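Analysis of the macromolecular model
So the chains spell out like this:
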Amino acid sequence: MTGRRFRVLNIVDDVTRECLRAVVDTSISGRRVVRELTDLVAERGAPKTIVSDNGTELTSNAVLAWSGEVDIEWHYIAPGKPTQNGFVESFNGRMRDELLNETLFFTIGQARTVLARLGSTTTTPSDPTRRSATPPRQPSPPGSNSSGWVSSRPLPHPRSCATTTLGL
């Protein structure tokens, strides 16, 4: 509403199709990405792979060093090939179309509050048939924690090992 722009970093679990975190700020650096991912790994355990585009905050030295330190494989999609990270690209588009373009934000704090509530609802009060950008949670495979991220427990479900990725 005031003309100030803000950015949103969506962190999505490709297995459960859950938005784990939507980070809102006027700018998001590689260090901020690392801080948010470190918090998520502490809360939910480490994913096998992280898939992202080639944005400057995601190709920064801070991100490259962190992924090496925590031994998480990082896969960058090919430039100009958003279909290689299709669900996340679709999620971001739906969030832009159904929430960001349809809502007047007066402060960045209001934007943070609205996006924080996003994961806790599957319908909007004004239209119960309209779905939010976050689909309902599905049961986690055996050997994974509630988010679908593979934990350090022995004998994780083979499907979760092969497909568990975090999309950015």
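Further up the page is the structure itself.
The following paragraphs examine the structure supplied in this document. All residue numbers refer to position in the chain's written sequence, counted from 1. Residue-level local features of this predicted model are given only where pLDDT is at least 70; pairs of side-chain atoms are given and counted only at 80 or more, and the full residue set underlies all totals for whole chains, interfaces and linings. Side-chain numbers come from the whole structure's heavy atoms, not from hydrogens or water.

**Brief notes about the pattern of salt bridges**
The salt bridge definition used is simple: a Lys or Arg side-chain nitrogen within 4 Å of an Asp or Glu carboxyl oxygen. The tally for this structure, following the rule as stated, stands at 8 salt bridges. Note that R44 and E18 form a salt bridge whose closest N and O atoms lie 3.6 Å from each other. Within this pair, whereas R44 is found in helix α1 (residues 30–44), its partner E18 is found in strand β2 (residues 18–25), the two being separated by 26 residues in sequence. Each member of the pair R44 and E18 is classed as buried. A salt bridge links D25 to R32, with the nearest nitrogen and oxygen atoms 2.6 Å apart. A residue is classified by how much of its surface remains accessible, and D25, at 17% relative accessible area, is buried. Classification of R32 as buried rests on a relative accessible area of 15%. Among the charged side chains, a salt-bridge network with shared partners connects R21, D25, R32, E36, E43 and R112. Every helix listed is a DSSP run of H or I at least four residues long, and every strand listed is a run of E at least two residues long, numbered separately from the N terminus. Relative accessibility thresholds used throughout: buried, under 20% of the residue-type maximum; exposed, over 50%; partly exposed, between the two (1.4 Å probe, protein chains only).

**Side note on the packing of α1 against helix α2 (residues 61–69)**
Helix packing geometry: the angle between the two helix axes and the distance between the axes. Closest axis-to-axis distance for the α1/α2 pair is 7 Å, and the angle between their directions is 30°. As judged from the angle between their axes, α1 and α2 are roughly parallel. Contacts between α1 and α2 involve G30, R31, V33, V34, L37, T38 and V41 from the first element and A62, V63 and W66 from the second. Residue classes follow a fixed rule: Ala, Val, Leu, Ile, Met, Phe, Trp, Tyr, Cys and Pro count as nonpolar, while Asp, Glu, Lys and Arg count as charged, and any other residue, Gly among them, counts as polar. Class assignment of the residues belonging to the contact of α1 with α2 gives a composition of 7 nonpolar, 2 polar and 1 charged. Interaxial angle, 0 to 180 degrees, is taken between N-to-C directions of lines fitted to C-alpha atoms, where a helix line uses only the stretch in contact. Any angle from 65 to 115 degrees is called roughly perpendicular, while one under 35 is roughly parallel, one over 145 is roughly antiparallel, and all others are oblique. Whether two residues are in contact is decided by their heavy atoms: any pair within 4.5 Å suffices.

**So, the packing of helix α3 (residues 86–100) against helix α4 (residues 108–118)**
Direction vectors running N to C along α3 and α4 enclose 125°, while the axes themselves pass 13 Å from each other. The orientation of α3 with respect to α4, classified from their angle, is oblique. Viewed along their axes, α3 and α4 form a crossing whose handedness is right-handed. Contacts between α3 and α4 pair F91, M95 and L99 from the former with V114, L115 and L118 from the latter. Taken together, the residues of the contact of α3 with α4 sort by class into 6 nonpolar, no polar and no charged. The sense of a crossing depends on the near helix, which, turned anticlockwise from the far helix by less than a right angle, makes the crossing left-handed and, turned clockwise, makes it right-handed.

These values are about where atoms sit, not about what they do.
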